[in-house]
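Overview (structure and organization)
So the chains spell out like this:
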Amino acid sequence: MARWILPALAIGGVGLLAASVSASRSGVPSSLPALTRILTQDGRRVLMHLPAGRTPQTRVVLYLHGNGARIDDLQHTIVPALDAADHPPILVVPQLAADGSPGTLGQVGAVAHLLEGSGAKELDVLAHSGGYRAAAAAVEHGGLPVRSVGLLDALYGELDTFERFALSGGTRHLVNV
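Source: prediction; values computed, not measured.

Here we take up the overall build of the chain. Regarding its fold elements, the chain presents seven helices and seven strands. Its helices and strands taken in sequence order, the chain reads α-α-β-β-β-α-α-β-α-β-α-β-α-β from the N to the C terminus. Looking at the chain residue by residue over its 177 residues, the buried ones come to 44%. Of the contacts made within the chain by residues no fewer than 6 positions apart, 69% connect residues no fewer than 24 positions apart. Split by element, the accessible area of the chain, about 8600 Å² in all, is 55% carbon and sulfur.

A few words now on the side chain of Thr161. Among the structural elements, Thr161 can be located in helix H7 (residues 159–167). When its relative accessible area of 5% is taken as the criterion, Thr161 is described as buried.

Judged by nonpolar contacts, the single largest core of 31 residues is most densely connected at Leu62, Leu64, Val92, Leu105, Leu123, Val125 and Val149. Mapped by element, the contributors of at least two residues to this core are strand E2 (44–50), strand E3 (60–64), strand E4 (90–94), helix H5 (110–114), strand E5 (123–128), helix H6 (132–141), strand E6 (146–152) and H7. The greatest single-element share of this core, amounting to six residues, is contributed by H6. Look past the residues within four positions of Val125 in its chain and what remains in contact with it is Leu62, Leu64, Ala135, Ala138, Val146, Ser148, Val149 and Gly150. Within the second largest apolar cluster, nine residues are counted, among which are Leu74, Ile78, Val79 and Leu91.

Right, let's get into the side chain of Arg44. Mapped onto the fold, Arg44 is located in strand E2. Judged by its relative accessible area of 10%, Arg44 is buried. A polar contact of 2.9 Å, which involves the side chain of Arg44, links it to the backbone oxygen of Gln95. A distance of 3.2 Å separates a polar side-chain atom of Arg44 from the backbone oxygen of Pro102.

Once that is clear, we can look at the confidence of the model for the chain. When pLDDT is averaged along the chain, the result is 77; 82% of the residues meet or exceed 70. Low pLDDT, under 50, characterises residues 1–30; the predicted model gives this stretch 59 contacts beyond four residues in sequence or across chains.

Attention now moves to H7. Buried residues of H7: Thr161, Phe162 and Phe165, and no others. Viewed end-on, H7 has its buried residues packed into an arc of 90 degrees, placing them on one side of the element. Facing away from the buried side of H7 by more than 90 degrees, the exposed set consists of Leu159, Asp160 and Leu167. Backbone geometry just after H7 places Gly169 at a positive phi near 80 degrees.

The next subject is the pattern of salt bridges. Scanning all chains against the criterion turns up seven salt bridges. Close ionic contact of Asp72 with Arg70 constitutes a salt bridge, the shortest N to O distance being 3.6 Å. Classification of Asp72 as partly exposed rests on a relative accessible area of 21%. As a salt-bridge pair, Asp124 and Arg147 come within 3.1 Å of each other at their nearest N and O atoms. Of this pair, Asp124 sits in strand E5 while Arg147 is found in strand E6, placing the two residues 23 residues apart along the sequence.

With that out of the way, let us pick up the environment of Pro88. By the element assignment, Pro88 lies in the loop between helix H4 (78–83) and E4. Sequence-wise, Pro88 and Leu50 are 38 residues apart; in three dimensions their C-alpha atoms are separated by 8.8 Å. Filtering out sequence-adjacent residues up to four positions away, Pro88 remains in contact with Pro51, Thr58, Leu82 and Asp83.

Now for the pairing of E4. Counting buried positions along E4 gives five out of five residues, so the element sits mostly inside the fold. Neither face of E4 is exposed, since Ile90, Val92 and Pro94 on one face and Leu91 and Val93 on the opposite face are all buried. Sheet analysis places E3 next to E4, joined by three bridges and oriented parallel. Bridge pairing in E4 links Val61 to Leu91.

Calculation notes
Residues numbered from 1 in each chain as written. Predicted model: local features only at pLDDT ≥ 70, side-chain atom pairs only at ≥ 80, totals over all residues. Heavy atoms only, no water. Helix = DSSP H or I, 4+ residues; strand = E, 2+ residues; numbered from the N terminus. Buried < 20%, exposed > 50% of the residue type's maximum accessible area, 1.4 Å probe, protein only. Contact = heavy atoms within 4.5 Å. Areas by Shrake-Rupley, 256 points an atom, 1.4 Å probe, with all protein chains shown as cover. Core = buried A, V, L, I, M, F, W, Y, C linked by side-chain atoms within 4.5 Å. Polar contact = N/O pair within 3.5 Å; in protein donor to acceptor, adjacent residues only side chain to side chain. pLDDT = per-residue confidence, 0-100. Arc of directions from axis to C-beta. Salt bridge = Lys/Arg side-chain N within 4 Å of Asp/Glu carboxyl O. Pairing = 2+ DSSP bridges.

Below, the structure is given as C-alpha cells:
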C-alpha cells in the first residue's frame, strides 16, 4: 500500500510537516515556508497546503468540495483565505467525483490512509454541498478521530451519521451553515 501525501511531499528536500516535527522536537524553531502542491497518489489528485510556521500541533483540515468543484480552482481561493488566519491549518483536499461522491475515500480507513505518515492524530472535516457524503464516510469509518465537522450548505443526507456525531459528547463539534 503506497503512503500518501505528506511523505510524498517530503521527497526532494522541500521543508514540510515531517521536517517541522523533527525540528520542533530538537528544540529548533520551525521557520518552514508555506508550500502548496497538487499530487497524484493511488490514482487520486490531492491538493495539499502546508502553512508557514507549522508545528506538530497545527490542525489538519480535510476539505471535501461540492458538486463540480475542481481542486485546481480551490487552490487559488481557499488557500489564500486560510493563510490569512492567525493559525492556518494544514489543508488536504482530495479531488472527489463531479457529483461530490467519495469514491474510494468512502472505504473503511481511507482517510487514515490518506494522511498516513503525517502524524495527524485527529482532524477537522469541512464539507461543501455534495461533499457531505465523503464527510459522513470520514466520520463513520475514515480511520482517524474527527474533532469537528463543518457543513457548508451540505446537509442533504446522511442525517443519522451527523446526528450520532453531534450527540456523541466530548469535545466534538458539528456546525451546519
